[in-house]
Amino acid sequence: MVDNRSRTNSPTVERLPPVEAVVIFTRVAETGSFTAAARSMGVPLATVSKRVAELEEHLGVRLIARTTRRSSLTEPGKRFLTHGRLIIDALQRAADEAAHAVAEPSGGLRLTMSSVLVEAGLGRLVARFIAANPKLRCEIDVSDRYVDLVAEGYDLAIRVGKLKDSTLIARKIGSTEASMFTAPSLIEARGLPSNPKSLDAYPLIGEQISPSDTQQWLLHHATQRPAKVEFKPRISANSVRAIAEAIEAGLGIGRLPTFIGRKMVEEGLAVPVLPEWAGPGLDISLVYAAHRGMLPGVRLLIDRLSNEAGAVLAGHATLEGR
């Protein structure tokens, strides 16, 4: 005899959304299109469209607004994406525990980070992690270019600054200030500026490529009011490495993540300028797509870097005396 009480208290399975549809919808949201999702998952485009439509019908709400040119998440779609990621992550964790996959991760892992982060010591942390997991293979792209993680098939990126793509997950692992540096030759010729206002008399290096001739720095001090510096840059670059090379060449005063500038100072390539003044802090974050972050090897590396990177970066965050 069937106990009706147990049936009443059991989960209402018929009301739960189909798991495959949740996975496919999440991939569509992360890649930005049905076609990209189909390509990344290796399934027909028609299947992707059908499963998303089934999920919308099941929920009784439109998740993705479709036009002939583009697709975008509706407000309910954005909210459901947050929960969908949690659902997928929970399922993957359950599968990992059942298969003991986390005990010894294996397979390939693709990582991208800028050269400045390698120099800061994060490359060494990754190398130690791979050495401790002999069944993992790792490919590290050291590049200052912006990498599209989903389109190019990367598992993880380590980035400095704000996250551009809101469909990705970012976990902060440290931070650094943006301090000012210049070449010793420029200081020998002009002397050191005494305050932010005196920067008007020096060539300054811009940090972005912009149609506007004028750029702006906002500088902070521990005991004084913030100072705003507006200038027409002698040279501009949107790459930390390029700015460092312009500083070394004596083209002007530029701002760099403090740990990069300090290394140049130690090598005699630069001198600090107004070290008591700094730009806004820059977050250093691990960035990944939800479905990649579920992979055992990737998740283990995320946990390792989250636990250890802060100590490595802490010594580089600010200049002495600030």
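Here's the deal with the overall build of the chain
In terms of regular secondary structure, the chain is built from 13 helices and 13 strands. Among the 322 residues that make up the chain, the fraction classed as buried is 42%. The contacts in the chain between residues at least 6 apart in sequence include a share of 73% that link residues at least 24 apart. For the chain, the exposed area adds up to about 17,300 Å²; of that, 52% sits on carbon and sulfur atoms.

Side note on the nonpolar core
Ranked by internal contacts, the top residues of the largest apolar core, which has 36 residues, are Leu122 and Ile158. Considering every element that reaches this core, the biggest residue donor is helix α13 (residues 296-314), with six residues. Among all residues touching Leu122, those that are not within four sequence positions of it are Met113, Leu117, Ile158, Ile173, Ala309 and Leu313. Judged by nonpolar contacts, the second largest core, of 17 residues, contains Ala37, Leu55, Phe80 and Ile88.

Quick word on the pairing of strand β13 (residues 277-288)
Note that strand β5 (residues 156-160) and β13 share four bridges and pair antiparallel. Paired with Val160 across the strands is Ile284, a residue of β13. Direction of pairing for strand β6 (residues 169-182) relative to β13: antiparallel, over a ladder of eight bridges. Paired with Lys172 across the bridge in β13 is Ser285. Summarising the sheet, strand β8 (residues 215-221) and β13 pair through two bridges and their orientation is antiparallel.

Details of the packing of helix α3 (residues 34-41) against helix α4 (residues 45-59)
Interaxial distance between α3 and α4 falls to 8 Å at its minimum, and their mutual angle equals 115 degrees. Here the hand of the crossing between α3 and α4 comes out right-handed. From α3, Phe34, Thr35 and Ala38 reach across to α4, where they touch Leu45, Val48, Ser49 and Val52. Of the residues that constitute the contact of α3 with α4, the class distribution is five nonpolar, two polar and no charged.

Describing the side chain of Arg255
Locating Arg255 in the fold gives a position in strand β11 (residues 254-257). For Arg255, the side chain forms a polar contact with the side chain of Glu207, separated by 2.7 Å. Those residues in contact with Arg255 that lie beyond four places of it in its chain are Ala178, Ser179, Met180, Glu207, Trp217, Leu218, Leu219, Ile243, Gly279 and Pro280.

Overview of the environment of Lys50
Assignment of secondary structure puts Lys50 in helix α4. Since its relative accessible area comes to 48%, Lys50 is described here as partly exposed. Residues Lys50 and Ile24, spaced 26 residues apart in sequence, show a C-alpha to C-alpha distance of 10.0 Å.

Examining the packing of helix α2 (residues 19-31) against α4
Across the interface, α2 lies against α4 with an axial gap of 9 Å and an inter-helix angle of 110 degrees. What the angle tells us is that α2 and α4 run roughly perpendicular. In the packing of α2 onto α4, the handedness of the crossing is left-handed. Contacts between α2 and α4 involve Glu20, Ala21, Val22, Ile24, Phe25 and Val28 on the former and, on the latter, Val48, Arg51, Val52 and Leu55. When the residues that make up the contact of α2 with α4 are grouped by side-chain class, the tally is eight nonpolar, no polar and two charged.

Conventions adopted
- Residues numbered from 1 in each chain as written.
- Predicted model: local features only at pLDDT ≥ 70, side-chain atom pairs only at ≥ 80, totals over all residues.
- Heavy atoms only, no water.
- Helix = DSSP H or I, 4+ residues; strand = E, 2+ residues; numbered from the N terminus.
- Buried < 20%, exposed > 50% of the residue type's maximum accessible area, 1.4 Å probe, protein only.
- Contact = heavy atoms within 4.5 Å.
- Areas by Shrake-Rupley, 256 points an atom, 1.4 Å probe, with all protein chains shown as cover.
- Core = buried A, V, L, I, M, F, W, Y, C linked by side-chain atoms within 4.5 Å.
- Pairing = 2+ DSSP bridges.
- Axes fitted to C-alpha atoms, helices over the stretch in contact; angles between N-to-C directions.
- Left-handed = near helix turned anticlockwise from the far one by under 90°.
- Nonpolar A, V, L, I, M, F, W, Y, C, P; charged D, E, K, R; others polar.
- Polar contact = N/O pair within 3.5 Å; in protein donor to acceptor, adjacent residues only side chain to side chain.
- Parallel < 35°, antiparallel > 145°, perpendicular 65-115°, else oblique.

These figures come from the coordinates and say nothing about function on their own.
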